[in-house]
Amino acid sequence: MLIDLRSDTITRPTPGMLNAMMKAEVGDDVFREDPTVNLLEKTAADLFGMEGALYCASGTMGNQIAIKCHTQPADEVICEREAHVYIYEGGGIAFNSGSQVRALAGDRGRITADQISDAINPDDVHKARTSLVCLENTSNRGGGSCYDLDEIKKIRTVCDERKLALHLDGARLFNALVARKENPATYGKLFNSISVCFNKGLGCPAGSIILGTASFIHQARRIRKLFGGGMRQTGFLAATALYALEHHVERLAEDHAHARQLADALRSNPIVKNVLPVETNLVIFELITGEAPKIFVDKMKTAGILLLPISATRLRMVTHLDISAEMTDQACRILKATMI
Ligand SMILES: *Cc1c(COP(=O)(O)O)cnc(C)c1O
């Protein structure tokens, strides 16, 4: 059997999760009559200490709705230059919100309060109005890096002083919370809106949630409908998210331990040049110059591991719910032994 380390989105629902889906009580969520969706939104909002929540089809939809709520056409959004909202959402900021991006070069996907402060446009007719800052925690292209809470607090202060909204793309926020032993409510206090994916490490087949004030969620619900994301008996999916919040959060620590093991195995292979620090469940690495990632990927596939080239030089492995300790050991043996 292939050990699939391409992404944490490939997981299949566990028997317990399937059972939760089968038992879900449902109704028409556009009428606000799906009790399972209502319970999920209340549970998530309470967990983060925020007023409201809105269940969305995907993380992309959640981010795009939030950005649309926080901006007007011709505004400028500040984010890191490899942020998901900027490079992986199909140009959605321009298309959906008519806003442009000021992309900053961060450290493994993370930007600082000073960088943001310098990038805010003055009130000048030549300049776009800066209205929103988007952070990403953990950072996907940063190899699962986590923000320091102190930096986020400084960023919050800059946003308060300059009257900017602060959105968190928390697709993998639970990985950061578990790795840093932090509390969701701390994040709820710092951001105007947060999006969190259930379809990644939490192991659900689909779904994301956005969190914010009651008025933000009211507007977000309107935009979700406009984007075609008003779904009906969504409780079958929301039940997977409730199940995951109960059963799949603490176990993320196992994924993180597996990722560290894989990184150690890579470091002992002489064809590997560089492995980014592993803080959570992503392992990004480069081969020594001249070694083509594609050839390595093909070799690994033959040996039983699937991984993903993410640029001309970089490769990625992601640990998740469907990767056991035995599979990790086996993958490490293969990673140590494979030469080109
Ligand atoms: C996966 C991901 C998303 C959302 O992805 P969807 O596939 O649309 O659910 C958003 N941000 C980051 C950082 C991600 O890794």
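Residues numbered from 1 in each chain as written. Predicted model: local features only at pLDDT ≥ 70, side-chain atom pairs only at ≥ 80, totals over all residues. Heavy atoms only, no water.

A. The arrangement of a nonpolar patch on the surface in detail. A grouping of Tyr86, Ile87 and Tyr88 is seen on the molecular surface, where their side chains present a nonpolar patch of about 270 Å² in accessible area. Topologically, Tyr86 is positioned in helix H4 (residues 84-87). (Patch = residues over 30% accessible without salt bridge, like charges linked within 9 Å, V, L, I, M, F, W, Y side chains within 5 Å. Areas by Shrake-Rupley, 256 points an atom, 1.4 Å probe, with all protein chains shown as cover. Salt bridge = Lys/Arg side-chain N within 4 Å of Asp/Glu carboxyl O. Helix = DSSP H or I, 4+ residues; strand = E, 2+ residues; numbered from the N terminus.)

B. Main features of the nonpolar core. Counting 52 residues, the largest nonpolar core has Ile116, Leu135 and Ile194 as the members making the most contacts within it. The dominant element in this core, judged by the number of residues it contributes, is helix H11 (residues 235-247), at six residues. Those residues in contact with Ile116 that lie beyond four places of it in its chain are Ile78, Leu104, Ile111, Val133, Leu135, Ile155 and Val158. In this structure, Val272, Val275, Ile305 and Leu307 belong to the second largest nonpolar core, which totals 27 residues. (Core = buried A, V, L, I, M, F, W, Y, C linked by side-chain atoms within 4.5 Å. Buried < 20%, exposed > 50% of the residue type's maximum accessible area, 1.4 Å probe, protein only. Contact = heavy atoms within 4.5 Å.)

C. Examining the sheet that holds strand E7 (residues 193-197) more closely. On the basis of which strands lie adjacent, the open sheet formed by seven strands has the order E2-E8-E7-E6-E5-E3-E4 and mixed pairing. The open sheet terminates on both sides in strands that have one partner only, identified here as strand E2 (52-56) and strand E4 (100-104). Here the average twist between neighbouring strands, direction ignored, is 20°. Sheet topology places strand E3 (residues 75-80) next to strand E5 (residues 129-136); four bridges connect them, and they run parallel. Bridging from a neighbouring strand, Val77 pairs with Leu132 of E5. Contacts from helix H7 (residues 149-161) reach E5 and strand E6 (165-170) within the one sheet, and its direction differs from that of E6 by about 145°. (Pairing = 2+ DSSP bridges. Axes fitted to C-alpha atoms, helices over the stretch in contact; angles between N-to-C directions.)

D. Layout of the domain arrangement of the chain. You can read the domains of the chain as domain 1 (15-247) and domain 2 (251-337). Counting residues at the interface gives 21 residues for domain 1, matched by 16 residues for domain 2. For the pair domain 1 and domain 2, the two sides together bury roughly 1500 Å², of which 52% comes from carbon and sulfur. Of all residues in domain 1, Arg108, Arg141 and Asn175 give up the largest surface area on contact with domain 2, accounting jointly for 34% of the area buried on that side. Our enumeration of links across domain 1 and domain 2 arrives at three salt bridges. Of the charged contacts, one joins Glu279 and Arg108 as a salt bridge, the two residues approaching to 3.1 Å between their closest N and O atoms. For the pair domain 1 and domain 2, the interface holds seven residue pairs in polar contact (both at pLDDT 80 or more). Among the elements that make up the side of domain 1 that touches domain 2, the one with the highest residue count is helix H8 (residues 173-180) (six residues). (Domains from an automatic or database assignment. Buried area = accessible area lost by both parts, 1.4 Å probe. Polar contact = N/O pair within 3.5 Å; in protein donor to acceptor, adjacent residues only side chain to side chain.)

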